[in-house]
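Letter by letter, the chains look like this.
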Amino acid sequence: MADEPLVLGIETSCDETGVGIVRGTTLLADAIASSVDEHARFGGVVPEVASRAHLEAMVPTIERALKDAGVTARDLDGISVTAGPGLAGALLVGVSAAKAYAYALGKPLYGVNHLASHICVDQLEHGPLPEPTMALLVSGGHSSLLLAPDITSDVRPMGATIDDAAGEAFDKIARVLHLGFPGGPVIDRLAREGDPAAIAFPRGLTGPRDAAYDFSFSGLKTSVARWIEAKRAAGEEVPVRDVAASFQEAVVDVLTRKAVRACKDEGVDHLMIGGGVAANSRLRALAQERCERAGIRLRVPRPGLCTDNGAMVAALGAEMVARGRPASDWELSADSSLPVTEPHVPGAPDDGHGHGHTHAQDHAHDHDHVHELAKDNLYS
């Protein structure tokens with residue numbers, strides 16, 4: 001284990017300041033500072049508020065992660081950070097912090113993809129990913145089916161949402177039902193006491209001529225909202241638990257049906273589910289049921305690893321180091337629309353000496369003496 005790469009990961013794509021520390025595929029620390037309460041009164045994430053919260057939480061969260069892991073910053077073999085996709089301002093805070101720490105410590109920097117990180121985090125719980133891996137990622141910003149022959153260099157989109165993501169739909173329906181923000185956990189909780197067959201809400205993009213692996217939840221969201229409005233207009237009480245259960249069933253039915261179909265079509269005998277909505281209890285149960293019937297092995301991380309966290313970024317960073325992938329240049333910046341086909345943002349090619357370092361990293365080592373005093377003060 002001591003020979004495996006020790007990597008610190010920073011995640012700031014939305015409203016969670018996540019810092020994780022991983023050695024190989026072993027999780028040592030997962031520190032999170034959430035600003036969700038600051039956004040709740042707005043009914044959604046406010047980018048400027050999120051960025052400010054990241055600035056305030058960054059250093060304390062990194063220090064907490066190092067303490068929890070029982071290591072010092074000098075022990076690290078690399079720093080990884082979410083370079084995209086996500087909120088531009090929030091991403092910039094994380095990227096800037098990662099570059100500062102990596103430069104001061106003389107460590108390689110790895111800018112990685114948020115979505116690929118959500119897949120790679122499963123290694124921390126269930127061991128190395130099969131190759132290829134079929135992944136269903138569902139969150140507030142993404143609903144995607146991805147095939148990953150190599151999580152560090154080859155991630156292929158199979159399908160994605162054409163409008164609202166699943167998590168976004170949960171938040172919007174929760175708002176219509178006056179349940180607060182975020183909507184996913186409360187709908188999941190209320191749905192357990194409701195009847196999922198009470199209301200026949202539509203299943204988007206499931207017709208014979210529809211795209212096999214794409215998702216659409218905008219029509220479902222509108223249908224549920226109109227059903228609720230009609231009840232209220234008629235002076236009738238809205239059966240909140242039945243609405244929650246029926247809406248949730250419509251979402252997870254489509255997600256699991258398409259994911260299992262993709263596995264069958266591609267000849268992949270396992271399915272990984274990640275992202276914040278993967279914490280939903282009904283999604284997990286229905287996926288398990290359908291995978292068992294189809295002879296597919298299901299891999300779902302525990303709920304705490306499904307939502308945005310630094311552990312997933314550290315996991316992908318450690319895999320980059322282990323496989324000898326090139327580190328990023330100091331010119332690394334945030335890319336709010338970084339495509340999933342780019343699991344990481346590499347830097348310059350090999351330096352010609354077989355070490356795989358970028359010129360920027362060599363520059364950092366050349367100037368280490370300038371920073372010795374600062375490093376002794378900050379990272380001892």
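Every value quoted in this text rests on a predicted model; they were computed, and no experiment measured them. (Residues numbered from 1 in each chain as written. Predicted model: local features only at pLDDT ≥ 70, side-chain atom pairs only at ≥ 80, totals over all residues. Heavy atoms only, no water.)

> Would you take a moment to explain the sheet that holds strand 3 (residues 26–34) for this structure?
Whether parallel or antiparallel, the strands of a sheet pair through hydrogen bonds between backbone atoms. Pairing in this open sheet of six strands is mixed, and the strands run 3-2-1-4-5-11 from one edge to the other. Because the sheet does not close on itself, it has two edges, and the strands there are strand 3 and strand 11 (344–345). Judged from the six bridges that link them, strand 1 (residues 6–11) and strand 2 (residues 16–23) form a sheet pairing that is antiparallel. Bridging from a neighbouring strand, Leu8 pairs with Ile21 of strand 2. Sitting on the sheet, helix 3 (residues 88–105) touches strand 1, strand 4 (78–84) and strand 5 (109–113), and the angle it makes with strand 4 is about 160°. The strands touched by helix 12 (residues 310–322) are strand 1, strand 2, strand 3, strand 4, strand 5 and strand 11; relative to strand 1, the strand with the most contacts, the crossing angle is about 135°. (Pairing = 2+ DSSP bridges. Helix = DSSP H or I, 4+ residues; strand = E, 2+ residues; numbered from the N terminus. Contact = heavy atoms within 4.5 Å. Axes fitted to C-alpha atoms, helices over the stretch in contact; angles between N-to-C directions.)

> Even after reading the chapter, I still don't get the environment of Leu92, so can you show me in this structure?
Assignment of secondary structure puts Leu92 in helix 3. Among the residues examined, Leu92 registers a relative accessible area of 41% and is labelled partly exposed. Residues Leu92 and Thr17, 75 residues apart in the sequence, show an inter-C-alpha distance of 12 Å. Once residues within four sequence positions are removed from consideration, Leu92 is found in contact with Ser333 and Ala334. (Buried < 20%, exposed > 50% of the residue type's maximum accessible area, 1.4 Å probe, protein only.)

> It is not clear to me how the nonpolar core should be interpreted in this structure. Could you clarify?
Note that soluble globular proteins tend to have their nonpolar side chains buried in a common cluster. Leu136, Phe247, Leu255, Leu271 and Ile273 are the most contacted members of the largest nonpolar core, which totals 50 residues. With 13 residues, the single largest contributor to this core is helix 9 (residues 240–266). Among all residues touching Phe247, those that are not within four sequence positions of it are Ala169, Phe170, Ile173, Ile187, Phe201, Leu220 and Val224. Core analysis: the second largest hydrophobic core is formed by 29 residues, Val112, Ala148, Leu316 and Ala327 among them. (Core = buried A, V, L, I, M, F, W, Y, C linked by side-chain atoms within 4.5 Å.)

> Quick question: what am I supposed to make of the pattern of salt bridges here?
Opposite charge on two side chains lets them pair, provided their charged atoms get close. Tallying each qualifying case throughout the model produces 19 salt bridges. Among the ionic pairs, Arg156 bridges to Asp154, the shortest N-O distance being 2.8 Å. Residue classification places Arg156 among the partly exposed positions, given a relative accessible area of 41%. Given a relative accessible area of 22%, Asp154 falls into the partly exposed group. (Salt bridge = Lys/Arg side-chain N within 4 Å of Asp/Glu carboxyl O.)

> Looking at this model, I keep getting lost on the side chain of Thr82. Mind explaining?
Relative to the elements of secondary structure, Thr82 occurs in strand 4. A distance of 2.6 Å separates the side chain of Thr82 from the side chain of Glu11, its partner in a polar contact. Look past the residues within four positions of Thr82 in its chain and what remains in contact with it is Ile10, Glu11, Ser13, Leu91, Val95, Val112, His114 and Val313. (Polar contact = N/O pair within 3.5 Å; in protein donor to acceptor, adjacent residues only side chain to side chain.)

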